[in-house]
Amino acid sequence: MDSEMDGAERYDYDLIVIGGGSGGMACAKESAMQGAKVALFDFVKPSTQGTKWGLGGTCVNVGCVPKKLMHYGALLGGKLHHDAAKYGWQVGKDVKHDWATLVQTVQNHVKSLNFSYRSGLRVANVTYINALAKFTSPHHITYTLKGKEPTTVSGHYFLIATGGRPQIPPESEVPGALELSITSDDIFSLKRPPGKTLVVGASYIALECAGFLTELGFPVTVAVRSILLRGFDRQCSEKVGEMMFNLGTRFKMQVTPKRMSKTPDGQVEVAFSNGDVEAFDTVLYATGRHADTKGLGLDKAGLKTAANGKFECVHEQTNVPHIFAVGDVLFGKPELTPVAIQAGEILARRLFAQSEARMDYENVPTTIFTPFEYGCVGISEEIAIERYGENDIETYLFEFMPLELAAAHREKHPQACTSEMDVDLPPPCLAKLVCVSSLGERVMGFHYVGQNAGEMTQGFALAVRLGAKKHDFDTLVGIHPTDAESFTAMTVTRGSGESWVATGGCGGGKCG
Ligand code: FAD
Ligand code: NDP
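Residues numbered from 1 in each chain as written. Chains lettered and ligands numbered in written order. Predicted model: local features only at pLDDT ≥ 70, side-chain atom pairs only at ≥ 80, totals over all residues. Heavy atoms only, no water.

Glancing now at the pattern of salt bridges. Throughout the structure, instances matching the rule amount to 21 salt bridges. Salt-bridge contacts for Lys239 lead to Glu399; the nearest nitrogen and oxygen are separated by 2.7 Å. Of the two residues, Lys239 is situated in helix H8 (residues 234–247) and Glu399 in strand E19 (residues 393–400); the sequence distance between them amounts to 160 residues. Residue classification places Glu399 among the buried residues on the basis of a relative accessible area of 12%. Among the ionic pairs, Asp360 bridges to Arg465, the shortest N-O distance being 3.1 Å. With a gap of 105 residues between them, Asp360 in the loop between helix H10 (337–352) and strand E17 (366–368) and Arg465 in helix H13 (residues 453–465) connect regions that are remote in the sequence. You can call Asp360 partly exposed: its relative accessible area is 36%. What emerges from the salt-bridge pattern is a single network uniting Asp233, Glu381, Lys432 and Arg494. (Salt bridge = Lys/Arg side-chain N within 4 Å of Asp/Glu carboxyl O. Helix = DSSP H or I, 4+ residues; strand = E, 2+ residues; numbered from the N terminus. Buried < 20%, exposed > 50% of the residue type's maximum accessible area, 1.4 Å probe, protein only.)

Right, dumping it as structure tokens:
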């Protein structure tokens, strides 16, 4: 990318990376592999409740990894309580969950990952500095190690990969919230069981945390300011909410907390915008994250950000040509670990291996790990209609009960039953293909709510990226009996007026 590589000799490092999370680590290691002299800074500022963690950034410590482990632990509960006895396991009614053991297992694994990241940097020959870094000029940063004088180092290129942190409304907006609430930075290492929990927010983090806490057996209420999962396919988002409700999560719709105070017995009393007042053992805020770029000395480097603190980059390049950014600090890009990693690695090859490859931010698959997961790639039905017009969109739908749950007669949470007859869990799986007719029914949106949606969506995302059409899905032979095979035999369109809910059958497939 820069032909003046020999200019780098004037600097201490060819590349200085600020932030040792998904994007920063990936770029640092790949750059070093390409022969660059690299330093990586990582430092964790404690959460509002004082929680700290090790090397590896959000995903490893307080994001994807502990979340997925708690999700798995929670799903075991659903299977133990509901299905195991039907499949012959003599588990009894008094199966109990121990929060402390779950946290211990999760944290032990996170610590082993911290260790492997540290040795990964050493093996790759990246200099790791455990300190907060801050620009003092466009080519210099300063840092202070504990008990030492400030040190300044220089770099030819810089990468900002400082990620984001959760936000809690200030005292002026919701009195008591900042002091009395926790966030995703705290939940995965919480010493005490969360107990009766209020989750504020209605997107990825809120619903994932509410989902695993519900399945672990805690009474959970979600306060939803507007709608669930803004920006996602509406039908699928509502399906996620419906299934969470059926598993026992309570929702307070169009409601926000107004005030919080501590009760004499240590609970948090919350006054809501609709006039309700209720006490909870734990309040978890999941109302979005802000880019962690404030303390970076941006003005000293001449860096500009958008109002939300993110960098408006062209191919990861900021307004200062030798300073780049990847991951959650990028404006208008998905905040996902594989996106940060891939952008970091591609950038490293552009900087140090004469590559011209660029990160493709289109058709990025994602999954929300709620008890019945929601995986998707491409666009929602709403966006498709907006972009191509209603008459040009054909939406194929299929709703069904997975074979294993059908055999076990999975029931709803008692809270969701309206009568003694109304106990069966409705079909939790929704398969959906959004196709554009004038493009030969090219699949522009793949959506799936159900078990293991994350695993299922990854492979289908390749098909969507390669431009697959509905016909390609139809000629694909299914793997029987699976939920994924539902996508090989979808015949009901929204426009047909027929029901897309299966009345029997073998989960996602047909048994002859
Ligand atoms: P981060 O991983 O956040 O790393 C930034 C690092 O920089 C941090 O260690 C920070 O302490 C450090 N830092 C900040 N400022 C400085 C400084 N001045 N000097 C030195 N170091 C500094 N994504 C998925 O793809 N799948 C998931 O299932 C998923 N689940 C998630 C669940 C939760 C609860 C959360 C919060 C996020 C989840 N994400 C998930 C998103 C994913 O974690 C982020 O997109 C990803 O971590 C972003 O990587 P990054 O490199 O931009 O920053
Ligand atoms: P989001 O920014 O996606 O969502 C914020 C949520 O909080 C919305 O529901 C929003 O409601 C609500 N909200 C915002 N402000 C308030 C307020 N003052 N009071 C009440 N509600 C409010 O944030 P998340 O924290 O859920 O996730 C951040 C990012 O992390 C995601 O975009 C995702 O990329 C990544 N992530 C990925 C995961 C995965 O891959 N599985 C899992 C978790 C996180 P409204 O719609 O009304 O604005």
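Moving on to the packing of helix H7 (residues 204–215) against H8. Helix-helix packing is characterised by the crossing angle of the two axes and by the distance between the axes. Packing of H7 against H8 brings their axes to within 10 Å, and their N-to-C directions diverge by 25°. On the basis of their axis angle, the class for H7 and H8 is roughly parallel. Like other packed secondary-structure pairs, H7 and H8 cross with a definite hand, here left-handed. Across the interface between the two elements, Leu207, Ala210, Gly211, Thr214 and Glu215 from H7 touch Val240, Met244 and Leu247 from H8. (Axes fitted to C-alpha atoms, helices over the stretch in contact; angles between N-to-C directions. Parallel < 35°, antiparallel > 145°, perpendicular 65-115°, else oblique. Left-handed = near helix turned anticlockwise from the far one by under 90°. Contact = heavy atoms within 4.5 Å.)

Here we come to the packing of aromatic side chains. The final tally for this structure, using the stated rule, is 15 aromatic pairs. For the ring pair Phe398 and Phe400, a centre distance of 5.1 Å and an interplane angle of 25° mean the geometry is stacked. With respect to burial, Phe398 and Phe400 carry one shared label: buried. Put simply, the rings of Phe446, Tyr448, Phe460, Phe473 and Phe487 pair up and form one aromatic cluster. A cation over an aromatic ring shows up here: Lys196 above the ring of Phe280, its NZ or CZ 4.9 Å from the ring centre. The positively charged end of Lys333 is found above the aromatic ring belonging to Tyr361, 5.0 Å away from the centroid. (Phe/Tyr/Trp six-rings, centres within 6.5 Å; stacked < 30°, edge-to-face > 60°. Lys NZ or Arg CZ within 6 Å of the ring centre and 35° of its normal.)

Of note, Asp392 is situated in the loop between helix H11 (381–388) and E19. Here Asp392 sits buried without a salt bridge, and the closest side chain of opposite charge, Arg387, lies 11 Å off (N-O distance). Engagement of the side chain of Asp392 in a polar contact is seen with the side chain of Ser438, the distance being 2.5 Å. Look past the residues within four positions of Asp392 in its chain and what remains in contact with it is Cys435, Val436, Ser437 and Ser438. (Lys, Arg positive; Asp, Glu negative; His and termini not counted. Polar contact = N/O pair within 3.5 Å; in protein donor to acceptor, adjacent residues only side chain to side chain.)

Feature annotation in UniProt assigns "binding site: NAD(+)" (unreviewed entry) to the following positions: Gly201, Ala202, Ser203, Tyr204, Ile205, Ala206, Leu207, Glu208 and Gly288. Of the residues just listed, which span 88 residues, no C-alpha pair is farther apart than 13.4 Å, and they cluster in one region. Position of Ala206 among the secondary structure elements: in helix H7. If we skip the residues at most four places from it in the chain, Ala206 touches Val199, Val200, Gly201 and Ala286. For Glu208, the residues in contact, after removing those within four places along its chain, are Lys67, Thr367, Ile368, Phe369 and Thr370. (UniProt positions renumbered as here; feature names shortened; annotations may be inferred.)

For the protein chain, the assigned domains are domain 1 (13–166 + 290–353), domain 2 (169–286) and domain 3 (372–496). Of note, the centres of domain 1 and domain 3, computed from C-alpha atoms alone, are 33 Å apart. The partner domain 3 presents nine residues to the eight residues of domain 1 that form the contact. Carbon and sulfur atoms make up 41% of the area that domain 1 and domain 3 hide from each other, which totals about 630 Å². The largest per-residue losses of area from domain 1 upon contact with domain 3 belong to Asp83, Lys86 and Tyr87, which jointly make up 55% of the total buried on that side. The interface formed by domain 1 and domain 3 includes one salt bridge. The shortest N-O distance in the salt bridge between Asp83 and Arg410 comes to 2.7 Å. Along the contact surface separating domain 1 from domain 3 lie four residue pairs in polar contact (both at pLDDT 80 or more). Looking at the side of domain 1 that touches domain 3, its residues break down into one nonpolar, three polar and four charged. (Domains from an automatic or database assignment. Buried area = accessible area lost by both parts, 1.4 Å probe. Nonpolar A, V, L, I, M, F, W, Y, C, P; charged D, E, K, R; others polar.)

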